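# A structural walkthrough
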Amino acid sequence: MADDKEREGPDITVAEFHKKIKDAFEVFDHEANNTVDVREIGTIIRSLGCCPSEGELHDLIAEVEEEEPTGYIRFEKFLPVMTEILLERRYRPIPEDILLRAFEVLDPSKRGFLLKEELIKYMTEEGEPFSQEEMEEMLSAAIDPESNSVHYKDYIAMMVIDES
Amino acid sequence: MGSGTSTQHHFAFQNAEKAFKAAALIQRWYRRYMARLEMRRHCTWRIFQSIEYAGQQDQVKLHDFFSYLVDHFTPNSNHERDFLDRMFTEDRFPQGSEMEKFGDYESIEVPDNYTGPRLSFPLLPDHATALVEAFRLKQQLHARYVLNLLHETRKHLIQLPNINRVSTCYSEEITVCGDLHGQLDDLIFIFHKNGLPSPERAYVFNGDFVDRGKDSVEILMVLFAFMLVYPKEFHLNRGNHEDHLVNLRYGFTKEVMHKYKTHGKKILKILKDVFCWLPLATLVDEKVLILHGGVSDMTDLELLAKLDRHKIVSTMRHKTRKENGKQVKKEEANQKSSAGRPTPWFLPQSRSLPASPLRLGSLQAHRAGRSSSIPCGAARDAKELARQVRRSVDLELDRCRQQAGLPVSRGEEEASPCTPEADSGAEEPLEPTQEEWRQVVDILWSDPMAQEGCKANTVRGGGCYFGPNVTERLLQKYNLQFLIRSHECKPEGYEFCHSRKVLTIFSASNYYEVGSNRGAYVKLGPALTPYIVQYQANKVTHMLTMRQRISRVEESALRALREKLFAHSSDLLGEFKKHDADKTGLITLSDWAEAVESVLHLGLPWRMLRPQLVNSSTDNTLEYKSWLEDLAKEQLNRENIQSSLLETLYRNRSNLETIFRIIDSDHSGKGMYYPITSDP
């Protein structure tokens, strides 16, 4: 590691990314054998700052899986792919204002909120549909029980604060 | 293109497409948010676990050190000899008339204005039920009844075998509960949800009833009461916390002294004995083995059944008798076990051993499979060791002097004469053998691991990690179906491993923090199929969203972690400076992560945690001095204590408390001055 310091420029970034990726990977490496369950890959990639869609995630998994899928992803395969993603700054997170506009598209009459049924309909029938679990979890935090609706501007603001 | 319908269609299609894309965007954003929450949850868990286990390591280190001192220190006078005896002797509970004196409760008068529960013996089921109810109403049992109950409990336990044998013929179902750790709410909840113990409803409580939580006394009272009332159906296994030395550190001793000021000492004395009489394991239908920690590749159920469990007063420290009085034999016994016994941690490590860090390994070291020292009871060449330890101690003293700015001692002092075999001659014939002690430590301290094999449990400092092949071999050898154990907190309150041959059951919900984990218990019917019931004994958590729950627990973990960081401020500063050769006052965030791990040895994913711990960085660099100052500001309260002193005291608070408690042998607290107020 000391050697990395003496080199300049992009090599430092690569080394830094490697360490970050390793840290994230290890959190889910329960057996300490440099593998994680394939179902955790999405969590790992997303917690490293990326925001892929489900479709993009499936493609990524295909890239890092073994020839004969074992249900486990090895670190040796994951590292170069993930490093590339970070270097290319792929799957950037969504800025707050874009997110707001997305909600506004679903609320053409500009009420400032979506009814619970509307949110459920969009999230479970459009785009890359939520599972029931995902839907319930979103509702529990998003829906204001008195109005049975989500005031999306406030919702976004709350979620964003929580992140920082 | 002119027809109105097709334009409508066109717009409709566009709108639909927009809605589709908008929805996809929101989902994408949301999934990322949830993933990060998930990561935070895992990291939080790791923080709590690593701090918990590091604490256990500390205690082991402390006891190793004291044990060693005691084994090799020659008292200069009777006064010193008495002092040592008082501190460290695992005196057997005095027999006969002396026992009567200590168990004497009849002379204790219960005042007329006492409104708590009253017990009379022999206990009836109603008494036990009334006890639960009284404790639920926050009453306290009078010392007289406590002592009486403990006295009867001891009488009962003495007759029990080391391995309880239970059958599902008599009671239709058996409920097994794991660690409770003084959390009375969980016990009350279990009885509420599952029903009180009865001849038709058998219970096994798998150890660790005490320490950490605030109602350890009450839990013991309830468990012992039901055991006396339903001796055939109610069973208790000993856990690693049913141990007076462990209790000194983890809160039970403190709780007893606080609740029973006058008679606390008596209570603790008889408890020390009661704990040694607890059975070591329970076997259901000769098929399901229930024990607290786990097993090792050396576990021998026949030996465990035969040994005198009462001799194992504490798994923290032991004197063992020599086989045929020869050192050599003991060495051979050591070599036989596959988890080797290297030199104690505080001595310079011999080169013949596999390279191991001087300090006990962190979770990460365990994961890397490196071995390090574990509690060691056997002395090698005593004189040589004495000299080495003296040098070690001197080096440490010098370091402290240096830090304090005092002149450092020059040259090595000659080792003071030490009797070659400090423990020769004075051996009592009733000490356990090394092998017996080891067998018990293994079943009380071990943890399962995913890899095959069996290796020393460096994280805990005792017992081992056992793999699926060890489990399989044991089950086959004794014709068993599966193992139930506890000892480890699990987010869901339970966890299967080793192809469902090992079940961990943990019954203290919200163990680390409100919302941190569920508790669980398992029921076994005649078919012995496990049926798990989970719960979380706190209404508040049900109202919170997952996000809020995780945030709360996370905050708690981070607070604990920041406290640990603060406690190592000086070392951290030194380490940061190493990365700042040009003395700019800045280091990269990458260096920060490396430095922190090399000082704290917690094996945590620091780069994942960094955003929560460092918020004062710009463009990837950190002004480390002001970061450390910010840490200090958080910790310092209004008291005017010098921050470096505070830091040292903080770091050693647990150790200091334990030492104080050991020395303050009459537990009076008199003459002892606690510079920091301990937490309630």
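Residues numbered from 1 in each chain as written. Chains lettered and ligands numbered in written order. Predicted model: local features only at pLDDT ≥ 70, side-chain atom pairs only at ≥ 80, totals over all residues. Heavy atoms only, no water.

Chain B is annotated in an unreviewed UniProt entry as Serine/threonine-protein phosphatase with EF-hands of Felis catus. UniProt, in the comment section headed Sequence similarities (unreviewed entry), describes chain B in these words: "Belongs to the PPP phosphatase family." One UniProt comment on chain B, placed under Cofactor (unreviewed entry), says "Mn(2+)". (UniProt positions renumbered as here; feature names shortened; annotations may be inferred.)

### Concerning the side chain of N164(B)
Residues and elements named next belong to chain B. Mapped onto the fold, N164 is located in strand β1 (residues 163–166). The buried category is assigned to N164, whose relative accessible area is 6%. In this structure N164 touches H235, L236, P279, A281, T282 and L283, once residues within four positions along its chain are discounted. (Helix = DSSP H or I, 4+ residues; strand = E, 2+ residues; numbered from the N terminus. Buried < 20%, exposed > 50% of the residue type's maximum accessible area, 1.4 Å probe, protein only. Contact = heavy atoms within 4.5 Å.)

### Quick look at unusual backbone geometry
Following F121(B), the chain continues into P122(B) via a peptide bond in cis, with omega recorded as 5 degrees. By the element assignment, P122(B) lies in the loop between α3 (96–103) and α4 (125–136). Although it is not a glycine, K110(A) adopts a positive phi angle of roughly 55 degrees. In this fold, K110(A) is placed in the loop between α6 (96–106) and β3 (114–115). Overall, the relative accessible area of 55% leaves K110(A) in the exposed class. Residues other than glycine seldom take positive phi values, yet R212(B) does so here, at roughly 80 degrees. Residue placement: R212(B) occurs in the loop between β3 (201–205) and α7 (216–229). Since its relative accessible area comes to 33%, R212(B) is described here as partly exposed.

### Things to note about the packing of helix α5 (residues 143–158) of chain B against helix α10 (residues 264–277) of chain B
Residues and elements named next belong to chain B. α10 packs onto α5 with a crossing angle of 20 degrees between their chain directions and a minimal axis gap of 10 Å. Relative to α10, α5 is oriented roughly parallel. As α5 runs across α10, the sense of the crossing is left-handed. Only K266, I267, I270, L271, D273, V274 and W277 of α10 make contact with α5, whose side of the interface consists of A143, V146, L147, L150, H151, T153, R154, L157 and I158. Here the residues of the contact of α5 with α10 sort into 11 nonpolar, two polar and three charged. (Axes fitted to C-alpha atoms, helices over the stretch in contact; angles between N-to-C directions. Parallel < 35°, antiparallel > 145°, perpendicular 65-115°, else oblique. Left-handed = near helix turned anticlockwise from the far one by under 90°. Nonpolar A, V, L, I, M, F, W, Y, C, P; charged D, E, K, R; others polar.)

### Thoughts on the nonpolar core
In this structure, F78(A), F576(B), W592(B) and W606(B) are the most contacted members of the largest nonpolar core, which totals 64 residues. Discounting chain neighbours no more than four positions away, the residues touching W592(B) are F576(B), I587(B), W606(B), R610(B), L613(B), V614(B), L622(B) and W627(B). Within the second largest apolar cluster, 59 residues are counted, among which are L184(B), F275(B), V533(B) and Y535(B). (Core = buried A, V, L, I, M, F, W, Y, C linked by side-chain atoms within 4.5 Å.)

### A word on the packing of aromatic side chains
Across all of its chains, the model carries 27 aromatic pairs over all chains by this definition. Geometrically, the ring pair formed by F205(B) and F234(B) is tilted, given 5.5 Å between the ring centres and 35 degrees between the ring planes. Within this pair, whereas F205(B) is found in strand β3, its partner F234(B) is found in strand β4 (residues 234–236), the two being separated by 29 residues in sequence. The same class applies to F205(B) as to F234(B), namely buried. With a centroid separation of 6.1 Å and 80 degrees between ring planes, the pair formed by Y494(B) and F496(B) is classed as edge-to-face. Cluster of aromatic residues (ring-pair linked, three or more members): F130(A), Y155(A), W29(B), Y30(B) and Y33(B). The side chain of R111(A) reaches across the aromatic face of F113(A), ending 4.9 Å from its centre. Over the ring of Y122(A) we find K121(A); its NZ or CZ atom is 4.9 Å from the centre of that ring. (Phe/Tyr/Trp six-rings, centres within 6.5 Å; stacked < 30°, edge-to-face > 60°. Lys NZ or Arg CZ within 6 Å of the ring centre and 35° of its normal.)

### Looking at the interface of chain A and chain B
In this complex, chain A contributes 50 residues to the contact, which on the side of chain B involves 40 residues. Roughly 4,400 Å² is buried in total at the junction of chain A and chain B, and carbon and sulfur atoms are behind 62% of that figure. Salt-bridge contacts for E16(A) lead to R607(B); the nearest nitrogen and oxygen are separated by 3.6 Å. Viewed at the interface, chain B and chain A are joined by 15 residue pairs in polar contact (both at pLDDT 80 or more). Taken together, the elements giving at least two residues each to the side of chain A that touches chain B come down to α2 (10–27), α3 (41–47), α6, α7 (116–125), α8 (132–142) and α9 (152–163) of chain A. Considering each element in turn, the side of chain A that touches chain B owes the most residues, seven residues, to α2(A). Per-class residue counts for the side of chain A that touches chain B are 26 nonpolar, seven polar and 17 charged. (Buried area = accessible area lost by both parts, 1.4 Å probe. Salt bridge = Lys/Arg side-chain N within 4 Å of Asp/Glu carboxyl O. Polar contact = N/O pair within 3.5 Å; in protein donor to acceptor, adjacent residues only side chain to side chain.)

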